Amino acid sequence: PGAGTPTMDLEALKPPVLHEAEFPQLFQLLGGLGIGDEDYDRLTRSELGNLVRYGTLPDGFEEKLPSWVDIRRVRRGQRLHMKYYFAFLVSLSTALLHGFIIPRFSIVLQKSGYSSCPKTTYRRFRSTSCGIYSWMNFDLFEENSEARKNIRRVRAMHTISRKATLRDFKQNPEFGVPLSQYDLSLVLMAFSSLVLYLINCQFSIQFTKEEKEDYCHLWRFLGYMLGIQNDFNISQDFVTADRTREEFMKMVPALSKKITRASIELCRSTISGFGTYTFASEAFFTALFFSPGFIIGDKAPISATWSGYESPEAEYVRKIIKRWGSHKDSRLGKIVNFVVINMIHIQLTRPYLTWCLETFASLLPQRMKV
């Protein structure tokens with residue numbers, strides 16, 4: 001079952017046909033289809049490996065802050081994220097995992113080993129979650145902070161994946177390059193304006209205009225530090241970012257008609273991994289991330305469930321999410337937020353304790369989990 005027929009056709013790497021009159025923002029981003037990360041693409045394998053391990057810059061490599069960055073707005077954006085951390089975590093995860101329907105992402109992730117086994121899939125997405133936590137919790141303007149080191153790690157991993165999958169993309173000039181400026185801009189849109197939209201739909205949280213602008217400015221800066229050029233950085237302001245989100249959502253139904261085998265494999269591996277190594281069941285994660293209509297209720301742009309999963313627990317999970325949204329500023333809501341933040345902090349700073357908790361969770365039968 002699902003919205004489309006699974007395929008491994010590399011022609012799916014070709015971006016959808018976009019008409020400038022209907023999709024002006026996305027059409028502009030297509031100019032970045034053949035551009036990677038010029039600074040990091042020049043680094044050697046050894047230098048990239050050291051960046052992934054230690055997050056330290058090679059000799060002679062300089063990071064310059066952009067002239068437009070407003071430190072106060074960036075920090076306000078960080079505080080907003082931490083205040084509603086649980087909501088942002090759920091919505092970020094939803095946006096990220098539904099990105100599997102985009103062949104340019106799913107094929108690159110698969111060929112980079114993300115779906116090699118459920119444990120690998122879980123640990124790689126756990127690493128992503130910890131990285132984003134560090135960006136929101138630590139000083140982004142201290143050169144050797146944990147936040148800056150994790151930004152470099154992610155940027156280096158993007159470059160390694162780009163180089164590893166470049167051969168497939170070279171088969172057709174229309175494919176551009178893997179993890180191009182076009183691709184990274186779509187990810188930036190998903191993590192900024194799309195997440196703000198999902199939070200409103202999933203949790204009924206409404207942010208002020210200033211909060212939205214601060215959050216988009218934060219992601220504009222993060223995008224810059226991750227190698228996105230200014231011409232392709234959609235988070236210049238909230239209006240631009242949200243227009244890009246609207247155009248993307250108009251394009252999603254067409255994307256979901258042709259699902260790659262890589263998308264299905266990533267979906268299955270993600271549910272199995274999270275359902276095994278956390279204290280929530282596979283049914284819970286199926287309902288949370290992949291049930292039809294759940295991501296934004298009746299407005300879901302994906303017809304049916306492209307992943308092929310059905311979950312009778314979807315309504316139960318939806319009620320839990322809505323209940324937290326209605327109590328987000330109460331003592332209970334703050335306790336939930338506090339617990340989730342500290343669970344992520346433990347994963348980032350206490351690897352042995354994390355291993356113990358994951359091992360214990362993997363031994364629990366599914367019926368004893370949430």
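Residues numbered from 1 in each chain as written. Predicted model: local features only at pLDDT ≥ 70, side-chain atom pairs only at ≥ 80, totals over all residues. Heavy atoms only, no water.

**Examining the packing of aromatic side chains**
Thought 1: This model, assessed by the stated rule, comprises 17 aromatic pairs.
Thought 2: Both rings, one in Trp68 and one in Tyr224, keep their centres 6.0 Å apart while their planes meet at 85 degrees; by these two values the pair is edge-to-face. Of this pair, Trp68 sits in the loop between α3 (45–54) and α4 (71–83) while Tyr224 sits in helix α10 (residues 209–225), placing them 156 residues apart in sequence.
Thought 3: Judged by its relative accessible area of 23%, Trp68 is partly exposed.
Thought 4: Ring centres of Tyr352 and Trp355 lie 6.0 Å apart, and the angle between their planes is 25 degrees; on these two criteria the pair is classed as stacked. One end of the pair is Tyr352 and the other is Trp355, both in helix α16 (residues 351–363) and three residues apart, which spans about a single turn.
Thought 5: The rings of Tyr84, Phe88, Phe207 and Tyr215 are connected pair by pair, giving a single aromatic cluster.
Thought 6: Here Arg124 stacks its cationic end above the ring of Tyr114, 4.9 Å away from the centre of that ring.
Thought 7: Above the ring of Phe23, the side-chain terminus of Lys250 is found at 5.2 Å from the ring centroid. (Phe/Tyr/Trp six-rings, centres within 6.5 Å; stacked < 30°, edge-to-face > 60°. Helix = DSSP H or I, 4+ residues; strand = E, 2+ residues; numbered from the N terminus. Buried < 20%, exposed > 50% of the residue type's maximum accessible area, 1.4 Å probe, protein only. Lys NZ or Arg CZ within 6 Å of the ring centre and 35° of its normal.)

**A closer look at the confidence of the model for the protein chain**
Thought 1: Averaged over the protein chain, the pLDDT score is 84; the fraction of residues at 70 or greater is 86%.
Thought 2: This stretch, residues 1–8, has a pLDDT under 50; its non-local contacts, to residues over four places away or in other chains, come to 27 contacts.
Thought 3: Every residue in residues 292–309 is under pLDDT 50, and counting partners more than four places away or in other chains gives 59 contacts. (pLDDT = per-residue confidence, 0-100. Contact = heavy atoms within 4.5 Å.)

**Some thoughts on the environment of Leu97**
Thought 1: Its place among the elements puts Leu97 in helix α5 (residues 85–98).
Thought 2: Judged by relative accessible area, which is 3%, Leu97 ranks as buried.
Thought 3: Sequence separation between Leu97 and Thr270 is 173 residues, and the spatial gap between their C-alpha atoms is 8.5 Å.

**Points about the pattern of salt bridges**
Thought 1: One pass over the structure, following the stated rule, counts 19 salt bridges.
Thought 2: Of the charged contacts in the structure, one is a salt bridge between Asp168 and Lys111, with a shortest N-O distance of 3.4 Å. One end of the pair, Asp168, is in helix α8 (residues 146–169); the other, Lys111, is in helix α6 (residues 103–111), and 57 residues separate them in sequence.
Thought 3: Given the relative accessible area of 14%, Asp168 is considered buried.
Thought 4: In this structure, Asp242 and Arg245 form a salt bridge, with 3.0 Å as the shortest nitrogen-oxygen distance. (Salt bridge = Lys/Arg side-chain N within 4 Å of Asp/Glu carboxyl O.)

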